[in-house]
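# Notes for the structure review
For reference, the chains in residue letters:
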Amino acid sequence: MPTFEEAKRKVAELVVAKGFGNTAREVPNKLLFAFIELGEAGDSWKKGKPPGETIEELIDVIFYVLDASRLIDPRANLDEVFEKKLTKNLARPPRYGEAFREKLGS
Ligand SMILES: [Mg+2]
């Protein structure tokens, strides 16, 4: 089971091996492709495709997110960032970020 950092290295190897863009200039495209793959996941789910197909589209999203992250900052350790962000979110109140529910009375 790879860590985020291991997965990021594998995606980088794939990008180089297949000749895809490999500079920070490509970041907007990588992020756009992540959104496109997310749309493919939504479409797959909406059409009742086998769960495995929807999950594979979500993995495509992760590929682009990992790829964009290393081009944005090659020194960022995603395993550390993940743990730090998880700790931060766990310290937040229940259903944080859903203040709109109080306004709606729901
Ligand atoms: Mg796809």
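Anything mentioned here points back to the structure above.
Throughout what follows, the structure given in this document is the object of discussion. (Residues numbered from 1 in each chain as written. Predicted model: local features only at pLDDT ≥ 70, side-chain atom pairs only at ≥ 80, totals over all residues.)

## Considerations on the overall build of the protein chain
The secondary structure content of the protein chain amounts to five helices and zero strands. The order of helices and strands in the protein chain, counted from the N terminus, is α-α-α-α-α. Relative to the 2.2 N^0.38 estimate, which gives 13 Å for 106 residues, the radius of gyration of the protein chain is 17 Å and therefore markedly larger than a compact globule would have. With the C-alpha coordinates aligned to their principal axes, the bounding extent of the protein chain is approximately 55 × 35 × 30 Å. Residues classed as buried in the protein chain amount to 10% of the 106 residues present. In the protein chain, of all internal contacts separated by at least 6 residues, the share reaching a separation of at least 24 is 67%. (Helix = DSSP H or I, 4+ residues; strand = E, 2+ residues; numbered from the N terminus. Rg over C-alpha atoms; globule rule 2.2 N^0.38 Å. Buried ≥ 20, exposed ≤ 12 C-beta atoms within 10 Å, placed from the backbone. Contact = placed C-beta atoms within 7 Å.)

## Some words on the packing of helix H2 (residues 27-46) against helix H3 (residues 51-72)
Packing of H2 against H3 leaves a shortest axis separation of 8 Å and a crossing angle of 165°. As the angle between them shows, H2 and H3 are arranged roughly antiparallel. The hand of the H2/H3 crossing is left-handed. Contacts from Val27, Lys30, Leu31, Phe33, Ala34, Glu37, Leu38, Glu40, Ala41, Ser44 and Trp45 in H2 reach Glu53, Thr54, Glu57, Leu58, Asp60, Val61, Tyr64, Val65, Asp67, Ala68, Leu71 and Ile72 in H3. Residues that form the contact of H2 with H3 fall into these classes: 14 nonpolar, two polar and seven charged. (Axes fitted to C-alpha atoms, helices over the stretch in contact; angles between N-to-C directions. Parallel < 35°, antiparallel > 145°, perpendicular 65-115°, else oblique. Left-handed = near helix turned anticlockwise from the far one by under 90°. Nonpolar A, V, L, I, M, F, W, Y, C, P; charged D, E, K, R; others polar.)

## Side note on the packing of helix H1 (residues 4-17) against H3
Between H1 and H3, the shortest axis-to-axis distance is 9 Å and the interhelical angle comes to 90°. Relative to H3, the element H1 is oriented roughly perpendicular. Here Ala7, Lys8, Val11, Ala12 and Val15 of H1 lie close against H3, whose contacting residues are Phe63, Leu66, Asp67, Ser69 and Arg70. Of the residues in the contact of H1 with H3, the class split is six nonpolar, one polar and three charged.

## Looking at the nonpolar core
Listed in full, the five residues of the largest apolar core are Val11, Phe63, Tyr64, Leu66 and Ala68. In terms of residues, this core owes the most to one element, H3, which gives four residues. Other than its neighbours up to four places away in sequence, Leu66 contacts Ala7, Lys8 and Val11. (Core = buried A, V, L, I, M, F, W, Y, C linked by C-beta atoms within 7 Å.)

## Describing the environment of Pro74
Here Pro74 lies in the loop between H3 and helix H4 (78-90). Placed 50 residues apart in sequence, Pro74 and Ala24 show a C-alpha to C-alpha distance of 9.9 Å.

## Concerning H1
The first and last C-alpha atoms of H1 sit 20 Å apart over 14 residues, in line with the 20 Å expected at 1.5 Å per residue. Positive phi shows up at Gly19, right after H1, with a value of about 75°. (Expected span 1.5 Å × (residues − 1).)

## A word on H4
Taking 1.5 Å as the rise per residue, H4 with 13 residues should run 18 Å; its terminal C-alpha atoms sit 18 Å apart, in good agreement. By the criterion of burial, H4 is predominantly exposed, with just zero of the 13 residues buried.

Treat this as a map of the structure, not an account of what it does.
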